[in-house]
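Residue-level listing of the chains:
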Amino acid sequence: MSEPGTQDVVRLEDLEASRQLTGRKHILSLLVEDKPGVLARIAGLFSRRGFNIDTLAVGPTDDPDVSRITLTLDGAVHPIDQVTKQLHKLVNVIKIRDMEPNGTVAREMALFRVNASVEGRAEIMQFAEIYEAKVVDVSRRSLTIEVTGSQEKVDSFERMVRPHGLIEMARTGEVAITKSRPEA
Amino acid sequence: MRAADALFQALKAEGVEHVFGIPGGANLPIYDALYDADLIHIQARHEQGAGHAAEGYAKATGKVGVAMATSGPGATNLITAIADANLDSVPTVFITGQVRTDQIGTDGFQEADVTGMTLPVVKHSFLVTDPRQIPDYIHQAFHIASTGRPGPVLVDIPQDLSRAEIDYQPAQGTPTLPGYKPPTEGNIKQIRIAAKALANSRRPVIYGGGGIVNANASTEFREFCLTDRLPVTLTVMGLGAFEAPHEQWLGMLGMHGTRAANYAMDEADLIVCVGARFDDRITGKLSEFAPRAKFVHIDVDPAEISKNVPAHIPIVGDAADVLPKLTREYRALDADSSRLDDWWQRIRAWQNEHPLRYEDSHDSEIKPQFMIEAMYEATEGDAIITSDVGQHQMWAAQYYHFSEPRRWLNSGGLGTMGFGLPAAIGAKVARPDETVVCLAGDGSLVMVCQEFATAAQHEIPVKVFLMNNGHFGMVRQWQELFWQERYQSVAMGPSPDWPKLAEAFGWTGMQCSDKAELRDAMRAALDTEGPVLLDVRVTQNENCYPMIPAGHAARDMVG
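If you're wondering where the values come from, they're calculated on a predicted model, not measured in any experiment.

Caption draft 1: Just the sheet that holds strand β10 (residues 270-274) of chain B, in detail. Residues and elements named next belong to chain B. Strand order in the open sheet made by the six strands is β9-β8-β7-β10-β11-β12, with parallel pairing throughout. The strands lining the two open edges of the sheet, one partner per strand, are β9 (249-252) and β12 (313-316). Here the average twist between neighbouring strands, direction ignored, is 15°.

Written as structure tokens, this is what we have:
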């Protein structure tokens, strides 16, 4: 419906309800009061409403009384609009931003411990170089590698090293921040 | 002063005159402070009763109801009432004692993480960690409980903190809560679109709910409905928000609503929902609900909009703000009222063909529907009626005509059996000049019958009209209709002897099983001083009709 409120006549057949599912990944960035139980309130809301969080990252902000929770979820399964409105009802949630994909820098960090046999070691090191990843721990049988980047980049790195034998993986989940606007 | 004394100072600053509760170990300091506080405390006999009484108090007045309990089992007993207040949006504050701070997390005696347990069923909760927080938290709790979409707020106070000394500073002004800004004013552009859509609608239905009552917007709602010949239906929570009977009144909608109301929803081209939430008891099978309709949804809680049914014209705001604007905008359009002629003709045909009806007995047997009609006559429609949950509740919703809001107090969302008696106690405390009648079911009443003692001790003259059919009637009905008459655990057996039970608690007990005597028996009960129970023996196997079987569409109504 274009420019509502300017029409003289509202024909019922022209009315459309807003679409529920967006079909893409959403990153929600929440500013919450740093109070006991806030995370439990959010986690409880997700479980009782049947929302499934893909990743969740919690950390401080520039304001000591405020924490940031960054969570990602699948807009093909969840009506994001309903999720944000339910989150808004939590008294300790100050602000919610549904991050615009093009206007957002999103990064996560991951640690991979990979089997590193004599034959495979060189290839893994090569992947690490291509992905601008760092080797942070070495043993005779394994390498531990730190990767930072978008979720897609970390996914891709995982696919590369998995055939070598992934012993353990730890991912932080994405954190995100809006890009600065291009200067005029 | 002690933090517990400050607690009562803070409650009084919020205008609290009555609290309902039960003392115990962890809230001993609070009850000690109550000794000196100039407040009336109603000592319930079970914390659930205290909680429902606080709800009844709130529902009858719109004021915040307050209930108190001790830690552990006291607090867990409150949870049913908290969940009830949450689903029916009842402004309530629950104050629980907690074990000492050094015992928290040690599985101490009577320790229960009530803050954690109630997270899913509160609007908000506070666990006090510093005694100086108490006055502020109470102030914030009342603000949160009573504004926006109302609801329950829990304040959990460890025993050592309530006895600590603090400097009491009365909280001033509206509390600042960075994450809580309930919307009030509706978007005028959206309201205009809604008015224009309504002006173009040929088959509109106005579907209102408890939100109108909560917003104290019944007058505004009525005015809006009367701007044109708009057909009106209400949920079980909304009854009284529009006067019944009235020529524009279709009756309640939903599972046990009238055919006219449900068929009108089914064929409507525009449904204007005000303060209701498209609960499954209203929609039935969601995919077949009102298939031809576009939806205007007015609600103060943005999360309700498009939760179950996608709204075409969402309006977030307080009904008391939105409705007058909508009325004004609609009037300005000067819509042609005759466009509704065909629609009314169709509705009148449904009304004539399918009025609410039942087959009355030809002897002295009392049909349950007859009992509701007798109750309407005996009270002259001028009473606050509370109810339990089940067949009697639905029959009352069908056959008792509620013409004003806050006179029909029942548990709609959670469907809590046993709500009626304690809610009546709370309502009578709040509105001592009103006749308060609890329409009870025999399955429900026995769940809370200890509260007879509360009414007796505090001399609260509520009247209980017990619809005694000897069964969990609604469950029996479902077993009959949908479970091949395999009756399991629905008969109540011969006990108790209700008049005797009531008398044992110090009430007057009466009984009636003759249709011809029922009205007089009711009048006698109403005229008798003090609390009275009237045990009315009704037909045992009567079913509540009409009915949309669960998961079916309005078109599939039976009975």
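Having seen it, we continue.
Caption draft 2: Up close: the environment of Gly 284 of chain B. Residues and elements named next belong to chain B. Along the polypeptide, Gly 284 turns up in the loop between α12 (280-283) and β11 (294-299). On the accessibility criterion, Gly 284 (18% relative accessible area) is buried. Taking the C-alpha atoms as reference points, Gly 284 and Ile 548, separated by 264 residues in sequence, lie 7.2 Å from one another.

Caption draft 3: Seen up close, the packing of aromatic side chains. All names here are of chain B. Per the stated rule, a full pass over the model turns up 20 aromatic pairs over all chains. A ring pair is formed by Tyr 358 and Tyr 399, whose centres lie 5.7 Å apart and whose planes are at 85°; its orientation type is edge-to-face. With Tyr 358 in the loop between α14 (341-353) and α15 (368-379) and Tyr 399 in helix α16 (residues 391-399), this pair connects stretches of sequence that are 41 residues apart. For the pair formed by Tyr 358 and Tyr 399, the shared burial category is buried. When the ring of Phe 402 is compared with that of Trp 408, the centres are 4.9 Å apart and the planes differ by 35°; the resulting orientation is tilted.

Caption draft 4: Focus on the packing of helix α10 (residues 218-225) of chain B against helix α13 (residues 319-333) of chain B. Residue and element names in this part refer to chain B. Put simply, α10 and α13 touch, their axes get as near as 9 Å, and they point 20° apart. One finds that α10 runs roughly parallel with respect to α13. In this structure, the crossing between α10 and α13 has a hand that is left-handed. In this structure, α10 contributes Glu 220, Phe 221, Glu 223 and Phe 224 to the contact, and α13 contributes Ala 320, Leu 323, Pro 324, Leu 326, Thr 327 and Arg 331. In terms of residue class, the contact of α10 with α13 is made up of six nonpolar, one polar and three charged.

Caption draft 5: Layout of the domain arrangement of chain A. Residue and element names in this part refer to chain A. You can read the domains of chain A as domain 1 (22-99) and domain 2 (104-178). Each of domain 1 and domain 2 has a C-alpha centre, and these two points are 27 Å apart. Counting residues at the interface gives 10 residues for domain 1, matched by 11 residues for domain 2. Interface area, domain 1 with domain 2, both sides summed: about 800 Å², of which 56% is carbon and sulfur. Broken down residue by residue, the surface that domain 1 buries against domain 2 is led by Lys 25, Thr 55 and Met 99, which jointly contribute 47%. Between the two partners, domain 1 and domain 2, sit two salt bridges.

Caption draft 6: Quick peek at the packing of helix α3 (residues 47-61) of chain B against helix α17 (residues 420-430) of chain B. Residues and elements named next belong to chain B. At a minimum axis separation of 6 Å, α3 and α17 run at an interaxial angle of 50°. The orientation of α3 with respect to α17, classified from their angle, is oblique. Considering the relative orientation of α3 and α17, their crossing is right-handed. Contacts from Gly 49, His 52, Ala 53, Gly 56, Tyr 57, Ala 60 and Thr 61 in α3 reach Pro 422, Ala 423, Gly 426, Ala 427, Val 429 and Ala 430 in α17. The class makeup of the residues in the contact of α3 with α17 is eight nonpolar, five polar and no charged.

Caption draft 7: Expanded view of the domain arrangement of chain B. Residues and elements named next belong to chain B. For chain B, the assigned domains read domain 1 (3-162), domain 2 (188-353) and domain 3 (368-537). Put simply, the middle of domain 2 and the middle of domain 3, counted by C-alpha atoms, are 31 Å apart. Taken together, the contacts link 17 residues of domain 2 with 16 residues of domain 3. Where domain 2 abuts domain 3, roughly 1400 Å² becomes buried across the two surfaces, and 61% of that area is made up of carbon and sulfur atoms. Area buried by domain 2 at its contact with domain 3 is led by Val 236, Leu 239 and His 256, which between them contribute 38% of it. The interface formed by domain 2 and domain 3 includes zero salt bridges. If you look at where domain 2 meets domain 3, you find five residue pairs in polar contact (both at pLDDT 80 or more). When grouped by side-chain class, the residues that make up the side of domain 2 that touches domain 3 number nine nonpolar, five polar and three charged.

Caption draft 8: Layout of helix α8 (residues 188-200) of chain B. Residue and element names in this part refer to chain B. Here α8 is 13 residues long and its end C-alpha atoms lie 18 Å apart, about the 18 Å a rise of 1.5 Å per residue gives. Among all positions of α8, only Gln 190, Ile 191, Ile 193, Ala 194, Ala 195, Lys 196, Ala 197, Leu 198 and Ala 199 are buried. On its buried side, α8 packs onto β7 (204-208), α10, β10, β11, β12 and α13. Backbone nitrogen of Lys 189 and a side-chain oxygen of the N-cap are separated by 2.8 Å at the start of α8; the cap is Asn 187.

Caption draft 9: Structural detail: the side chain of Ser 142 of chain A. Looking at the secondary structure, you find Ser 142 of chain A in strand β7 (residues 142-149). Contact partners of Ser 142 of chain A, with chain neighbours within four places excluded, come to Arg 113, Val 114, Asn 115, Ala 116, Arg 121, Asp 137 and Ile 167 of chain A.

Caption draft 10: Representation of the interface of chain B and chain A. Contacts between chain B and chain A engage 29 residues on the former and 29 residues on the latter. A buried area of about 2600 Å², summed over both sides, lies between chain B and chain A, and 57% of it is on carbon and sulfur atoms. Ranking the residues of chain B by area buried against chain A places Leu 119, Ile 193 and Lys 196 of chain B at the top, with a combined share of 19%. Linking chain B to chain A there are one salt bridge. Here Lys 89 of chain A ties to Asp 301 of chain B by a salt bridge, and the two come within 2.5 Å at their closest N and O atoms. Those elements that place two or more of their residues in the side of chain B that touches chain A are β5 (124-127) and α8 of chain B. The greatest single-element share of the side of chain B that touches chain A, amounting to five residues, is contributed by α8 of chain B. For the side of chain B that touches chain A, a count of residues per class yields 14 nonpolar, seven polar and eight charged.

Caption draft 11: Structural context of the state of the cysteines. Applying the stated criterion across every chain, the model contains zero disulfides over all chains. Cys 512 of chain B carries a free sulfur, and the closest cysteine sulfur to it, the one in Cys 438 of chain B, is 17 Å from it.

Caption draft 12: Region of the structure containing the sheet that holds strand β2 (residues 55-60) of chain A. Residue and element names in this part refer to chain A. As summarised here, the arrangement of the four strands in space is β2-β3-β1-β4, forming an open sheet in which the pairing is antiparallel. The open sheet has two free edges, formed respectively by β2 and β4 (93-98), since each of these has just one partner strand. Taken pair by pair, the neighbouring strands of this sheet meet at an average axis angle of 15°, ignoring direction. Summarising the sheet, strand β1 (residues 25-33) and β4 pair through five bridges and their orientation is antiparallel. Opposite Leu 28, over in β4, you have Asp 98 as the bridge partner. Against the sheet, helix α1 (residues 38-48) contacts β1, β2, β3 (66-74) and β4, and its axis sits at roughly 15° relative to β3.

Caption draft 13: Expanded view of the environment of Ser 201 of chain B. Summarising the element assignment, Ser 201 of chain B is placed in the loop between α8 and β7. The buried category is assigned to Ser 201 of chain B, whose relative accessible area is 0%. As a C-alpha pair, Ser 201 of chain B and Pro 310 of chain B span 109 residues in sequence and 18 Å in three-dimensional space. With residues near it in sequence (within four places) discarded, Ser 201 of chain B still touches Leu 12 of chain A together with Asp 269, Leu 270, Arg 339 and Leu 340 of chain B.

About the criteria used
Residues numbered from 1 in each chain as written. Chains lettered and ligands numbered in written order. Predicted model: local features only at pLDDT ≥ 70, side-chain atom pairs only at ≥ 80, totals over all residues. Heavy atoms only, no water. Pairing = 2+ DSSP bridges. Helix = DSSP H or I, 4+ residues; strand = E, 2+ residues; numbered from the N terminus. Axes fitted to C-alpha atoms, helices over the stretch in contact; angles between N-to-C directions. Buried < 20%, exposed > 50% of the residue type's maximum accessible area, 1.4 Å probe, protein only. Phe/Tyr/Trp six-rings, centres within 6.5 Å; stacked < 30°, edge-to-face > 60°. Parallel < 35°, antiparallel > 145°, perpendicular 65-115°, else oblique. Left-handed = near helix turned anticlockwise from the far one by under 90°. Contact = heavy atoms within 4.5 Å. Nonpolar A, V, L, I, M, F, W, Y, C, P; charged D, E, K, R; others polar. Domains from an automatic or database assignment. Buried area = accessible area lost by both parts, 1.4 Å probe. Salt bridge = Lys/Arg side-chain N within 4 Å of Asp/Glu carboxyl O. Polar contact = N/O pair within 3.5 Å; in protein donor to acceptor, adjacent residues only side chain to side chain. Expected span 1.5 Å × (residues − 1). Disulfide = S-S within 2.5 Å.

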